[in-house]
Amino acid sequence: MADGNQGKGKVVITYGTFDLFHYGHEALLRRAKELGDYLIVGVTSDAFDRSRGKLNVKQSLIERIKSVENTGLADKIIVEEFKGQKIDDIRKYNVDIFALGSDWVGKFDYLEEYCDVVYLPRTQGVSSTELRRMTAKTLRLGCIGTGIFTDRMIREASYVSNVRVLSVVAADADGLKADSTYDQYKSAESFEELADIVDAVYVNTKPALRPGVLEKALEAGLHVISEGPIAFTVEDVKRLQKLAADKGLVLIEALTAMYLPGFQRLKLLLESGIVGEIKDIDASYSIVPDSLDFRDRYSSNFYNMSSRTLLPALVYLGAKPKDVQVICGYEQDMCTWSKYNLLFETASATLKTGRGVKTEGDMTITGTDGYIYVPAPWWRLEYFEIRNEDLRDVKKHYYECAGEGQRYLIKEFYLYWSDPAIYDMAKGTLEELEVATVGIIERIGSDQCITLANHSSRFGGGENV
Ligand code: CTP
């Protein structure tokens, strides 16, 4: 059955990857639109591109869709997920004309059985392949702060083309210093010295040092990825964001989950109304580390983990909750457990985070037509189910999360660094997200929350039977 574009006049469909969107793409879309009255644009999913051997696509599906959307030429944008989809789409949308650039002449003649096939002249002198080649400069990355997160970042960066880790330095209250564990990397004793060696830094210091280190790194002209929120007050966040903007630098938090293919795909599915209107998000994120310093308030779960915990609610429901209620449990000076109730205009969210407290790490997104269930660990977003009233009708989605996942974040950071236009497109949303997260953290820091009585002993003190 045709899907809602009856009465739209002559329907034209075209497909493409639209990576690093250029004027050739825009001209093609304009020509395609001129062939009829209603233009449908199919944008290839990351998994589909990989399956057909196109491995070097720079931009994520969401960014590529956004570029097509920005032209204002597409009446509808769909995602091309598998090989035989074109015939399905042509039937489903009652397509009259299938149009593609002249580099494809003859390749789609088999579709003439279903509609007219038109090959449009390709714009000379520009292609995504060429742009990818031109942008392929090497990003020299440094790490400030040592330990398992840094080791993982180094490992993951080795999977991203054109990124090389050149320097690793430790940081304490006095500044930067060498760490002999990392002596295969260059060291530096000042931020200026580091800026001579690398273009950007991954900052993984103790939380209390983080905002100061970020500021010095930005002042020295370094682009920054921050492990954890970039500051602990909205005022400081905005100041650092402004400093980065004034210097033309990229400043992002290492929100790994947000860059994973599954997280991005779920966002698109939710926006397309896959479960109707979202009414609630319920998710948890918890770890029990080997050791914790209960006297250090900055070790608290909300300084370290809130941004990850709050992420699905602030991305899928928007970064402007109308009201926030927080419940915190402490051990000495450190918050080990918190529960955030977020109220939006027509939806709610409950997010729980534990550091030294463990719970199930799954996520449920409740909608008016069904719900999404993401089993633990939801933050890898490799697998989720779309469920509804009929419990036998479960749609299962699988999206690969390669390695430990940071490679997707690093790839995105590389893109922001190498193409300021792409960063400009993403920046507003990222900044808003950071401000919203830290706004919530700040409420906790200033005691605008309900506090549970102090725990008497670590991990509950129960006996093993
Ligand atoms: N296109 C065009 N003129 C160009 C480049 C692309 O008309 N200079 C058309 C293609 O023919 C196709 C659509 O734009 O119909 C989307 O193309 P896509 O493959 O995404 O872009 P390319 O720049 O060709 O990318 P690549 O180099 O990765 O093949």
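Higher on the page you've got the structure.
Residues numbered from 1 in each chain as written. Predicted model: local features only at pLDDT ≥ 70, side-chain atom pairs only at ≥ 80, totals over all residues. Heavy atoms only, no water.

K.L.:
Outline the overall build of the protein chain, supporting the account with residue identities and numerical values.
P.N.:
Within the protein chain, the regular secondary structure consists of 14 helices and 20 strands. By its C-alpha atoms, the protein chain is 75 × 55 × 40 Å across when sized along the principal axes. Out of the 465 residues belonging to the protein chain, those deemed buried represent 53%. Across the protein chain, the 56 positively charged side chains and the 69 negatively charged ones have centroids separated by 2 Å. (Helix = DSSP H or I, 4+ residues; strand = E, 2+ residues; numbered from the N terminus. Buried < 20%, exposed > 50% of the residue type's maximum accessible area, 1.4 Å probe, protein only. Lys, Arg positive; Asp, Glu negative; His and termini not counted. Charge placed at Lys NZ, Arg CZ, Asp CG, Glu CD.)

K.L.:
Describe in detail the site of the ligand, supporting the description with residues and values.
P.N.:
Close to the ligand lie 18 residues; D103, T123, V126, S128 and T129 are nearest. With respect to the ligand, the side chain of H22 contributes an N or O atom lying 2.9 Å from an oxygen atom. Within the backbone of S128, a nitrogen or oxygen atom sits 2.7 Å from an oxygen atom of the ligand. The protein chains hide 93% of the 570 Å² of surface that the ligand would expose on its own. Listing elements by their share of the shell around the ligand, those giving two or more residues are α1 (23–34), β4 (97–101) and α5 (128–134). Class assignment of the residues belonging to the shell around the ligand gives a composition of four nonpolar, ten polar and four charged. (Near = heavy atom within 4 Å. Polar contact = N/O pair within 3.5 Å; in protein donor to acceptor, adjacent residues only side chain to side chain. Areas by Shrake-Rupley, 256 points an atom, 1.4 Å probe, with all protein chains shown as cover. Nonpolar A, V, L, I, M, F, W, Y, C, P; charged D, E, K, R; others polar.)

K.L.:
Summarise unusual backbone geometry; cite the residues concerned and give the values.
P.N.:
A cis amide bond links A376 with the next residue in sequence, P377, at an omega value of -10°. Residue placement: P377 occurs in the loop between β17 (371–374) and β18 (383–387). The phi torsion at L381 lies on the positive side, around 45°, for a residue other than glycine. Within the fold, L381 resides in the loop between β17 and β18.

K.L.:
Which residues make up the sheet that holds strand β11 (residues 251–253), and what values do they have?
P.N.:
Taken in spatial order, the six strands make up an open sheet running β8-β7-β6-β9-β10-β11, and their pairing is mixed. Whereas interior strands pair on both sides, the edge strands pair on one side only; in this sheet they are β8 (175–177) and β11. The sheet shows a mean angle of 30° between the axes of neighbouring strands, direction not considered. For strand β6 (residues 139–144) and strand β7 (residues 163–172), the ladder comprises six bridges, and the chain directions are parallel. Each residue of the ladder has a partner; that of I144, found in β7, is V169. Contacts from helix α6 (residues 148–157) reach β6, β7, β9 (200–203) and β10 (223–226) within the one sheet, and its direction differs from that of β7 by about 170°. Packing of helix α13 (residues 406–418) onto the sheet brings it into contact with β6, β7, β9, β10 and β11, and relative to β10 it is tilted by some 155°. (Pairing = 2+ DSSP bridges. Axes fitted to C-alpha atoms, helices over the stretch in contact; angles between N-to-C directions. Contact = heavy atoms within 4.5 Å.)

K.L.:
Mind laying out the packing of α6 against α13, listing which residues take part and the relevant values?
P.N.:
α13 packs onto α6 with a crossing angle of 70° between their chain directions and a minimal axis gap of 9 Å. Here α13 runs roughly perpendicular to α6, going by the angle between their axes. Pair α6 / α13 crosses with right-handed handedness. Taken together, the residues of α13 that come into contact with α6 (itself represented by R152, M153, E156 and A157) are Q406, R407, L409 and I410. Across the contact of α6 with α13, the residue classes break down as four nonpolar, one polar and three charged. (Parallel < 35°, antiparallel > 145°, perpendicular 65-115°, else oblique. Left-handed = near helix turned anticlockwise from the far one by under 90°.)

K.L.:
Explain the sheet that holds strand β14 (residues 334–343) to me, and be specific about the residues and the numbers.
P.N.:
Adjacent strands of a sheet pair through backbone hydrogen bonds, lying either parallel or antiparallel. Strand order across the open sheet formed by nine strands is β19-β18-β17-β16-β12-β15-β14-β13-β20, with mixed pairing between neighbours. Either end of the sheet is taken by a strand with one partner, and the two such strands are β19 (395–398) and β20 (450–451). Examined bridge by bridge, strand β12 (residues 278–287) and strand β16 (residues 363–367) share five bridges and lie antiparallel to one another. When the sheet's bridge partners are listed, A283 is paired in β16 with M363.

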